[in-house]
Amino acid sequence: MRIGRLITVYSVLGVIILAFSASMIFSFNNLRKYEQLARNELTDTTWILAQAEVELIRFLYVLDLYMYAEPPVVSKEDVIEHMEIFWSRLPLFLEGREGRRLARIGDAQETARRALETLARLEPVLTGLDRSDVGEYQAARAELHGLLAPLKRTLIDARQWQDAADNIRTERLDRIYAELIIASIGILVSSACLALMLLHEIRLAHRAQSAEKRALLQLSEAIESFSDAFSLFDKDDRLVMCNQRFREMYASVDELLKPGVKFETLIRARIEKGHVPEAVGREEEWIQMRMRRHRNPSDDFEILQRDGCWFRISERRTKDGGCVCIWTDITAMKQRQQDLAEQQRRADSANRAKTDFLLTMSHELRTPLNAIMGFSEVMKQEMRGPLGSSQYVEYANDIYQSARHLLAVINNLLDISRIEAGRMELDEHAVAIGEEVEKALRLLEDEASAVDVSLVRAVDKDLPLLLGDPHKIQQIVINLAGNAIRYMQGGGRVVISAFRDGEGGIVLCVEDDGQGMSEEDVQRVISPFVRLSNPLVRQQDGTGLGLPLVKALVELHGGKFELTSTPGEGTVAVAHFPCERVLGDGPAMAGGGLAGPH
């Protein structure tokens, strides 16, 4: 056993010595090749210079033929072609490996730059040159001919530099040959050490192989523990490995599920057994689509099995071109989605029923309310004679005011219901915003005066007309300004402004200096039937429909409603009307702009 090991060691050592000896021979041979290659590279550099000179001579020759040959034997395109050929040689002087060599040779790069500048300057002249333009031709030819002498000098310098470089390189190669001989002796001495290292590496390799086997075993156990189906295919689409969950999914084609089977074979077998409902009737088309997804995986996709189970398939390419496939059972998630969709459908149905009910009830309530308001108006004015007591008159007035308030609530409710049902239509006209603002504020002046609130108009004088519903715009102003007045603590002011925005639309803004709201409350008050719980709000009548109705009316005009507020500083309500509804750019406010407190 020991002798066998020694034989193996000596055999390895002999192989190492032979290998290093062969490597030394190859090294000597490669050095000679390197020397020849270096000479060829220097020759190539010189050839670039010589070729540039030849192309310049050809260019001048073709230019002369173009100007003087009778009949003409070359065209202007030939002249331009030879100019471009010469031009294409010049960047080699400045770029790449040849450019770096030529940078050390005389004025080679300076000559190339001067030639490029000359060509760039003469290109328009040569492009438009005609046979009759003798003066321009002679001037251009003189400049081009002036490039020949620098090129020839550079070529001479390059050849001298090449000879010097050959001498230097020969000296260096001789020195390298000597160093290689010395190194070969060192290689023979170190071969024994390398043999020992080789034995050590063999032992390490055995240990690494054992560790790799253990790691592969652990990986296999981890893959088997996946709740998802896992499979790995190589770059040729052959099965490498899969876990038990994957084998359970492909149990119907278990006889094919072996390493080396093609992915397409498995797909076709499953479709033949009817496991993919969506492929029925278009089997070949479905297979081609599935193969395209498999070869170029991107996003995950979902698939329905015959047993009703849904799977999300995730495929990713490995670095060596293989493909990892993971099938995740999402049947429970799909069922939840269906349940949520059904709940949403029921909620939508209930919401439509609510809207229809509100529309019907709003119409039914308005009729008796109109009668109550009419008769209470008759009673409070005592049109049919005295009621007998002043207190009865007050009662009649209370009945009238309550009915009026209830009618306003019903009207708002009816408008909200119509908008939700898609039945609200605009009675569109060319509207002067300033006039509608003024009409709305006249209705609020008494209410504002009663609580010592000043109304400030700040409407631009040159606002154009707006295509909209004048009554709905008045309603927007009344609701916004009325809210601001109603919830002031006494004193203060409300500013109503209108102006053009940066996109060409019209902005209607109502700003107050009241107590303001928190950001959370701002989000709540634009929802229907929401009222804040602070004492100031509870003191006022309301149903929480004003701001939602404003938002709906603005959006019905194709606009956008924004509400911002800061506690203790006030609230700003802004209605943006889009530029598509602006009619022209001229002023459209009768009586000019209105500004100042009223």
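Rules used in this analysis
Residues numbered from 1 in each chain as written. Predicted model: local features only at pLDDT ≥ 70, side-chain atom pairs only at ≥ 80, totals over all residues. Heavy atoms only, no water. Pairing = 2+ DSSP bridges. Helix = DSSP H or I, 4+ residues; strand = E, 2+ residues; numbered from the N terminus. Core = buried A, V, L, I, M, F, W, Y, C linked by side-chain atoms within 4.5 Å. Buried < 20%, exposed > 50% of the residue type's maximum accessible area, 1.4 Å probe, protein only. Contact = heavy atoms within 4.5 Å. Axes fitted to C-alpha atoms, helices over the stretch in contact; angles between N-to-C directions. Polar contact = N/O pair within 3.5 Å; in protein donor to acceptor, adjacent residues only side chain to side chain. Phe/Tyr/Trp six-rings, centres within 6.5 Å; stacked < 30°, edge-to-face > 60°. Lys NZ or Arg CZ within 6 Å of the ring centre and 35° of its normal.

A. Region of the structure containing the sheet that holds strand β8 (residues 465-468). The three strands are arranged β6-β8-β13 in an open sheet whose pairing can be described as antiparallel. The two strands at the open ends of the sheet, each matched to only one other strand, are β6 (429-431) and β13 (582-583). Pairing of β8 with β13, which is carried by two bridges, proceeds in the antiparallel orientation. From the neighbouring strand, leucine 466 faces β13, where its bridge partner is valine 582.

B. Molecular detail of the nonpolar core. Membership of the largest hydrophobic core comes to 40 residues, with the highest contact counts inside it found for Ile433 and Leu508. Looking at this core, the element that brings in the most residues is helix α14 (residues 470-486), giving seven residues. Residues in contact with isoleucine 433, not counting those within four places in the same chain, are Leu463, Leu466, Ile473, Ala498, Ile506 and Leu508. One finds Ile105, Leu116, Leu144 and Leu151 within the second-largest nonpolar core, a separate group that totals 35 residues.

C. Up close: the pairing of strand β4 (residues 310-317). Here four bridges tie strand β3 (residues 301-304) to β4, and the two strands are oriented antiparallel to one another. Residue pairing in the sheet places phenylalanine 301 in a bridge with isoleucine 313 of β4. Adjacent in sequence and paired antiparallel, β3 and β4 are bridged by five residues, among which glycine 308 carries a positive phi angle near 90°. Pairing of β4 with strand β5 (residues 323-329) involves seven bridges; the strand directions are antiparallel. Bridge pairing in β5 places phenylalanine 311 opposite aspartate 329. Hairpin connection, β4 to β5: the antiparallel pair is bridged by five residues, and glycine 321 has positive phi, about 95°.

D. Representation of the sheet that holds β5. With antiparallel pairing, five strands are arranged side by side in an open sheet as β2-β1-β5-β4-β3. Of all strands in the sheet, those with a lone pairing partner are β2 (239-242) and β3, marking the two edges. Mean inter-strand twist for the sheet, computed between neighbouring axes without regard to direction, equals 25°. Note that strand β1 (residues 229-233) and β5 share five bridges and pair antiparallel. When the bridges of β5 are listed, phenylalanine 230 appears paired with isoleucine 326. Sheet strands touched by helix α9 (residues 283-295): β3, β4 and β5. Its angle to β4, the strand with the most contacts, is close to 50°.

E. View of the side chain of serine 565. As for its position among the elements, serine 565 is in strand β11 (residues 560-566). One polar contact links the side chain of serine 565 to the main-chain carbonyl oxygen of glycine 570, over a distance of 3.1 Å. In this structure serine 565 touches Gly516, Met517, Val522, Gly570 and Thr571, once residues within four positions along its chain are discounted.

F. Fine view of the packing of aromatic side chains. Taken as a whole and assessed by the stated rule, the structure comprises two aromatic pairs. Relative to phenylalanine 263, the ring of phenylalanine 233 lies with its centre 5.2 Å away and its plane at 90°, an arrangement referred to as edge-to-face. Of the two residues, phenylalanine 233 is situated in strand β1 and phenylalanine 263 in helix α8 (residues 263-272); the sequence distance between them amounts to 30 residues. Both residues of the pair, phenylalanine 233 and phenylalanine 263, belong to the buried class. One Lys or Arg, arginine 293, reaches over the ring of phenylalanine 301 and ends 4.3 Å from the middle of that ring. The ring of tryptophan 310 carries lysine 334 above its face, with NZ or CZ at 4.6 Å from the centroid.

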